[in-house]
Amino acid sequence: MRPVPCSSDMDFGQSNLFGYIEDLQELTIIERPVRRSLKTPEEIERLTVDEELNDIERALYLLSSGQDVQGTSVVANLPVLMRQNPAETLRRVLPKIREVLHVAGVEMQLTAAVSFLTVLQDESVSIHTYSHSFLHIILQNLEHRDAGVSNAWLETLLAVIEALPKETIRHEILNPLVSKAQISQTLQSRLVSCKIMGKLANKFEAHIVKREILPLVKSLCQDVEYEVRTCMCRQLEHVAQGIGTELTKTVVLPELVELARDEGSSVRLAAFETLVNLLDMFDSDDRRQTVLPLVKSFCEKSFKADESILVSLSFHLGKLCNGLYGIFTPEQHLRFLEFYKKLCTLGLQQENGHNDNQLQLQTLEQEKKYISVRKNCAYNFPAMIVFVDPKNFHLELYSIFFCLCHDPEVTVRYTMAISFYEVAKLLNSGVYTIQKELVTLLQDESLEVLDALVGHLPEILELMINGGENSGSESKLLSIPDLIPALTTAEQRAATSLKWRTHEKLLQKYACLPQIISSDQIYYRFLHRMLTIILTNNVLPVQKAAARTLCVYLRYNRKQEQRHEVIQKLIEQLGQGKSYWNRLRFLDTCEFIMELFSKSFFCKYFFLPVLELTHDPVANVRIKLCYLLPKVKSTLKIPTDKHLLQQLELCIRKLLCQEKDKDVLTIVKRTVLELDRMDISLDAEQLEKEKQQNEGRSANVNDKIFEKKRRDNKPSSVLVKSMTLSSSGSSSGASTGKEDKKSKLVRSQSFNTQALHPRYSNIDKCSNKSSAAGYTSLLSGMGKGCMLSFSDDSFRTRSTGNSGNATFSSSSSLIASRNSFNSDDQKNNGNKESQSRKMSIKNRKSNS
């Protein structure tokens, strides 16, 4: 269909006109299915249900006269009806469902199987009621003509068998099973019987299984249909677990040997896999005389006449080699190792004199099979290290390890990347031999391989730097000059891809690098890269991962110049950045700093820059700040950080008084209530120092007062003693009164009180609660209007050297205003006193 030109270019000639008509006809054809999908009024009327019907009546109506989709919805809603009204549902709805299922389609059948299983799992009714009401419906639908429906009902039945009592299983399931497993029954019936018997073997005692189930098992193992023999062969593992070791040896093992020589390839495959799974149940004689010859036969035929077993053999080879390890002769041990090596390179090289033309004739199915074999070999590589002993790794398996790590197929390299950590653990002190392959996988062109490797990257690097648990040698990591370039390249490739989850995962794992390489290498190669990601990347999880990793790098960096440079960049480029998105990431970074650093570190460098964001023009930044304020307050220690607490209180005041955004104001009020319930940590050491200083100051003052009075008055010894007693009593009383006054002052301090005077810096007797009454009173006072006013730049800081502190003009102006009020009061009081004195003097003169 060609594009329609615009009106100015349209040519209404005869040829073009017919072209436009054809285009319109095509559009009409496209719209027809849409029109046909609309419901007619008659169909809508038929689908309409009376709203006054209750749930049970509505379900019965839809099952009786509704369409299939409505009936299916009722069946899907059966668990809900059973929870709400089980008695009525069992009495009225379930019989109707049973009736409808006889003629129901596939969708309703599948829905019913799931709903019946859900009712069992919900335990809406007792198991006795369930078996009486639901079990017969399940058994009736087991032999449905559709294989998918039959399997769905079978899965439900197998789950029900787990919960049914033995007597119910015997009468309702086992006894009918004898007839359904006969050769005269349908293929579907016999397949169902095989799976049921595998389940029943674990429900009864061994003698019952031997008497009633094993004859049926033998019969089905010799069925004329290979599907039945295959199905029963796969159930022999469950049967063996139910009958024990002795019966397995005498009954199951002979059947497996016979099935392993079956003419059907699927039967032989099932026999081989069952044999491997039952390996632990056979003793050494059985393994040597029966199992080992069978395994050797499978290996010999896998390349020649029976390639169908090749994929399965490669998958189970590691388990087989270690399971049969004790009975191998040195020759057999070498033969199986060579067989494994051959599988690892299958399809990658010319074999048996095949030329290039013959290799090109390999079918696509064969190539897929060979890829699966090499993938399975990669999966089994850790098991093969155990088989040859880690000490012999370099001699026996390193060349194969190299080939698998450089395999042309991504799935093979992906599997090697997943198992790389297991290989490193097994090699222990010899882990340095695979360092080059680590670099290779880090530089792999597929991000799937990188993602698989990064999962255990910290553990792998730790093993390599320590040289294994038992190695006392120094790190051999320095012998790999390509490791750091490989790490940086891997991150850059992940950054330029669309797989941001891999990038996030990589950045999270890179937090381990301070334990691996020097701080200078991290500073010059990784730290600034993390800051760049925070500033430029558009994916929030990636930015947060980079921010946290950057904080880890900063935590382990001991060079003050580098630390200060990074802190300065964080504050300037994030906290004071032009983009509100960067300022949000600054708050995220501060949250990580509070998590990883000490409280004093955060208070010294980041407390005030965080509070500066209270006047941020973007509401989202102020909202995020409000959510962070409780954590910010938790970093404070009293009395060391009392000036920071004052600034925090002023910031809250400003937000409450000046905030115009309703959402922000709501969160501010909620934050105030949360701050109200918080405790502030006490700096015990600082408190003790100030207490000692105040006690010493008080003692010196009392001594000076006493000496002055003694020199001036020079009384007798009696008077001296009395003065001494009165002086000590008055001084102690004054001291007590002063302490009470200080305690009251500290307890009454809140957001609506002035800053602490230096005179009252000792608050060792105050409680841990930070101005609880003040938070609440400030919040309640919002309804009456706020009497404070702040200028826009009142919270801008000015530099005070390297101390990292800042002063706020609002606090000084507030104290100054209050001091002015106090001075006015003092002047007024002074005037009143002077007037009263003048009056008293005049009266005396008149009297005289």
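Look up: the structure comes first, before these words.
Residues numbered from 1 in each chain as written. Predicted model: local features only at pLDDT ≥ 70, side-chain atom pairs only at ≥ 80, totals over all residues. Heavy atoms only, no water.

**Regarding the pattern of salt bridges**
- Tallying each qualifying case throughout the model produces 33 salt bridges.
- A salt bridge links Glu-205 to Lys-166, with the nearest nitrogen and oxygen atoms 2.9 Å apart. In this pair, Glu-205 is assigned in the loop between helix 12 (187-200) and helix 13 (206-221) and Lys-166 in helix 11 (residues 166-180), connecting sequence segments 39 residues apart.
- Taking relative accessible area as the criterion, Glu-205 reaches 35% and is therefore assigned partly exposed.
- Taking relative accessible area as the criterion, Lys-166 reaches 39% and is therefore assigned partly exposed.
- A salt bridge links Glu-273 to Arg-234, with the shortest nitrogen-to-oxygen separation between them at 2.7 Å. Pair noted here: Glu-273 is in helix 16 (residues 265-277) and Arg-234 is in helix 14 (residues 226-243), with a separation of 39 residues, a long-range link.
- Given the relative accessible area of 35%, Arg-234 is considered partly exposed.
- A network of salt bridges, in which partner residues are shared, links Glu-57, Glu-88, Arg-91 and Arg-92. (Salt bridge = Lys/Arg side-chain N within 4 Å of Asp/Glu carboxyl O. Helix = DSSP H or I, 4+ residues; strand = E, 2+ residues; numbered from the N terminus. Buried < 20%, exposed > 50% of the residue type's maximum accessible area, 1.4 Å probe, protein only.)

**Concerning helix 37 (residues 619-633)**
- With 15 residues, helix 37 extends 21 Å from end C-alpha to end C-alpha; this agrees with the ideal 21 Å at 1.5 Å per step.
- Along helix 37, the sharpest kink reaches roughly 40°, centred on Tyr-627 and followed within four residues by the proline Pro-630.
- Most of helix 37 sits inside the fold, with 11 of its 15 residues counted as buried.
- Considered for burial, the residues of helix 37 that qualify are Ala-619, Val-621, Arg-622, Ile-623, Leu-625, Cys-626, Leu-628, Leu-629, Pro-630, Val-632 and Lys-633. (Expected span 1.5 Å × (residues − 1). Bend = angle between axes of the 7 residues up to and from the residue.)

**Here we look at the packing of aromatic side chains**
- Throughout the structure, instances matching the rule amount to 22 aromatic pairs.
- Ring geometry for Tyr-130 versus Phe-134: centroids 4.6 Å apart, planes at 15°, classification stacked.
- Judged by relative accessible area, Phe-134 falls into the buried class, the value being 1%.
- Residues Phe-272 and Phe-298 carry aromatic rings whose centres are separated by 4.9 Å and whose planes lie at 70° to one another, so their mutual orientation is edge-to-face. Of the two residues, Phe-272 sits in helix 16 while Phe-298 sits in helix 17 (residues 284-302), which places them 26 residues apart along the sequence.
- The structure contains a cluster of three or more aromatic residues connected by ring pairs, namely Phe-586, Phe-597, Phe-601, Phe-602, Tyr-605, Phe-606 and Phe-607.
- If you follow Arg-585 out to its NZ or CZ, it ends over the ring of Trp-581, 4.5 Å from the centre. (Phe/Tyr/Trp six-rings, centres within 6.5 Å; stacked < 30°, edge-to-face > 60°. Lys NZ or Arg CZ within 6 Å of the ring centre and 35° of its normal.)

**Structural notes on the packing of helix 29 (residues 483-496) against helix 30 (residues 500-509)**
- It is the contact of helix 29 with helix 30, at a shortest axis distance of 8 Å, that shows an interaxial angle of 150°. What the angle tells us is that helix 29 and helix 30 run roughly antiparallel. Along this stretch, helix 29 crosses helix 30, giving a crossing that reads as left-handed. Contacts between helix 29 and helix 30 involve Ala-490, Glu-491, Ala-494 and Ala-495 from the first element and His-503, Leu-506 and Leu-507 from the second.
- Grouping the constituent residues of the contact of helix 29 with helix 30 by class yields 5 nonpolar, 1 polar and 1 charged. (Axes fitted to C-alpha atoms, helices over the stretch in contact; angles between N-to-C directions. Parallel < 35°, antiparallel > 145°, perpendicular 65-115°, else oblique. Left-handed = near helix turned anticlockwise from the far one by under 90°. Contact = heavy atoms within 4.5 Å. Nonpolar A, V, L, I, M, F, W, Y, C, P; charged D, E, K, R; others polar.)

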